[in-house]
Amino acid sequence: MGAPVLVREATPADASEIGRVHAEAWRAAYQDLFEGDLFRVLVERRRTGWPARLANLRGDTVLVALRTDRVVAFARHGTHPDNPHDGELRALYTHPGSWGSGVAQTLLDGVWEGSAGYRRLRLWTLTGANRARRFYTSAGFVETGLIRERDYGDGRPVLEVEYARRPPNPS
């Protein structure tokens, strides 16, 4: 069993650690889904882009999960852009060294606490992101039937699938 996990709201000082987690999670999870040069660019953007993202959250909340004072996961969530009654989980990434440790579920529990007023929480994930899809399904999310194409910059869109879940029942 690992060290306890602390979940708290991110601060600007967390930007480089969030970037490290984001880049390493992308490197491990998506290396087979994108071409080499594009993939390297996308990973580097995730590593370096967090100071600007944290400065321009537009009402979103970013949570970090820490183990022994080190960021090992993060999540970004806010109001869904098309339906103010729904929330949207825009990102949830765990460092590969913490995969399978329960950190992602602990972080998702923190997201639920901050999403209590929403009818449901929705998210998009790549169709080829099998590990993420298994995690969301095990956490009670179901596919909504919506699929979209997203171009990550090379003119060759990839498919994303939407998942949704109603908030857990209060205990």
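Provided above is the structure to which this section pertains.
First, a word on scope: everything that follows refers to the structure included in this document. Since we're looking at a predicted model, the values are computed, not measured.

Rules used throughout
- Residues numbered from 1 in each chain as written.
- Predicted model: local features only at pLDDT ≥ 70, side-chain atom pairs only at ≥ 80, totals over all residues.
- Heavy atoms only, no water.
- Core = buried A, V, L, I, M, F, W, Y, C linked by side-chain atoms within 4.5 Å.
- Buried < 20%, exposed > 50% of the residue type's maximum accessible area, 1.4 Å probe, protein only.
- Helix = DSSP H or I, 4+ residues; strand = E, 2+ residues; numbered from the N terminus.
- Contact = heavy atoms within 4.5 Å.
- Salt bridge = Lys/Arg side-chain N within 4 Å of Asp/Glu carboxyl O.
- Pairing = 2+ DSSP bridges.
- Expected span 1.5 Å × (residues − 1).
- Phe/Tyr/Trp six-rings, centres within 6.5 Å; stacked < 30°, edge-to-face > 60°.
- Lys NZ or Arg CZ within 6 Å of the ring centre and 35° of its normal.
- Axes fitted to C-alpha atoms, helices over the stretch in contact; angles between N-to-C directions.
- Parallel < 35°, antiparallel > 145°, perpendicular 65-115°, else oblique.
- Nonpolar A, V, L, I, M, F, W, Y, C, P; charged D, E, K, R; others polar.
- Polar contact = N/O pair within 3.5 Å; in protein donor to acceptor, adjacent residues only side chain to side chain.

1. A short note on the nonpolar core
The biggest cluster of nonpolar side chains holds 27 residues, and the ones touching the most others in it are Ile18, Trp26, Tyr30, Phe34, Leu54 and Phe74. Elements with a minimum of two residues in this core: helix H1 (15-30), helix H2 (36-48), helix H3 (50-55), strand E2 (61-67), strand E3 (70-79) and strand E4 (86-94). With 7 residues, H1 is the largest single contributor of residues to this core. Ignoring sequence-local partners within four residues, the contact set of Ile18 consists of Ala10, Trp50, Leu54, Val62, Val64 and Phe74. Listed in part, the 20 residues of the second largest apolar core include Ala65, Ala75, Val103 and Leu108.

2. Things to note about the pattern of salt bridges
Under the counting rule described, the total for this entry stands at 19 salt bridges. Between Glu160 and Arg150 there is a salt bridge, with the nearest N and O atoms lying 3.5 Å from each other. Residue Glu160 is found in strand E7 (residues 158-165), and its partner Arg150 is found in strand E6 (residues 142-150); the two are separated by 10 residues along the sequence. The exposure class assigned to Arg150 is partly exposed, which follows from its relative accessible area of 36%. One network of salt bridges, in which partners are shared, links Asp86, Arg119, Arg120, Arg122 and Glu162.

3. Considerations on the pairing of E4
E4 sits mainly inside the fold: 8 of its 9 residues count as buried. Of the strand pairs in this sheet, E3 and E4 are connected by 7 bridges, and their pairing is antiparallel. Note on E4: the bridge partner recorded for His77 is Leu89. In sequence, E3 turns back onto E4 through a hairpin of 6 residues.

4. Details of H1
With 16 residues, H1 extends 22 Å from end C-alpha to end C-alpha; this agrees with the ideal 22 Å at 1.5 Å per step. Burial in H1 covers these residues: Ala15, Ile18, Gly19, Arg20, Val21, His22, Ala23, Ala25, Trp26 and Tyr30. On its buried face, H1 is in contact with H2, H3, E2, E3, E4 and strand E5 (120-126).

5. Observations regarding the packing of aromatic side chains
What describes a pair of aromatic rings is the distance from one ring centre to the other and the angle between the planes of the rings. In total, this model carries 11 aromatic pairs according to the counting rule given. With a centroid separation of 5.4 Å and 65° between ring planes, the pair formed by Phe135 and Tyr136 is classed as edge-to-face. For Tyr136, a relative accessible area of 8% puts it in the buried group. Through successive ring pairs, a cluster of aromatic residues spans Trp26, Tyr30, Phe34, Trp50, Phe74, Tyr93 and Tyr152. Sitting over the ring of Trp26, Arg46 keeps its end group 4.0 Å from the ring centre.

6. Comments concerning the packing of H1 against H2
The geometry of H1 relative to H2 is characterised by a closest axis approach of 7 Å and an angle of 155° between their N-to-C directions. As far as their axial angle goes, H2 and H1 are roughly antiparallel. Within the contact between the two elements, H1 uses Gly19, Arg20, His22, Ala23, Glu24, Trp26, Arg27 and Tyr30 and H2 uses Phe39, Leu42, Val43, Arg46 and Arg47. Of the residues in the contact of H1 with H2, the class split is 6 nonpolar, 2 polar and 5 charged.

7. Quick word on the side chain of Asp86
Counting through the fold element by element, Asp86 comes out in strand E4. Polar contacts involving the side chain of Asp86 include one to the side chain of Arg119, which spans 3.0 Å. A polar atom in the side chain of Asp86 sits 2.9 Å from the side chain of Arg120. If we skip the residues at most four places from it in the chain, Asp86 touches Thr79, His80, Tyr118, Arg119, Arg120 and Arg122.

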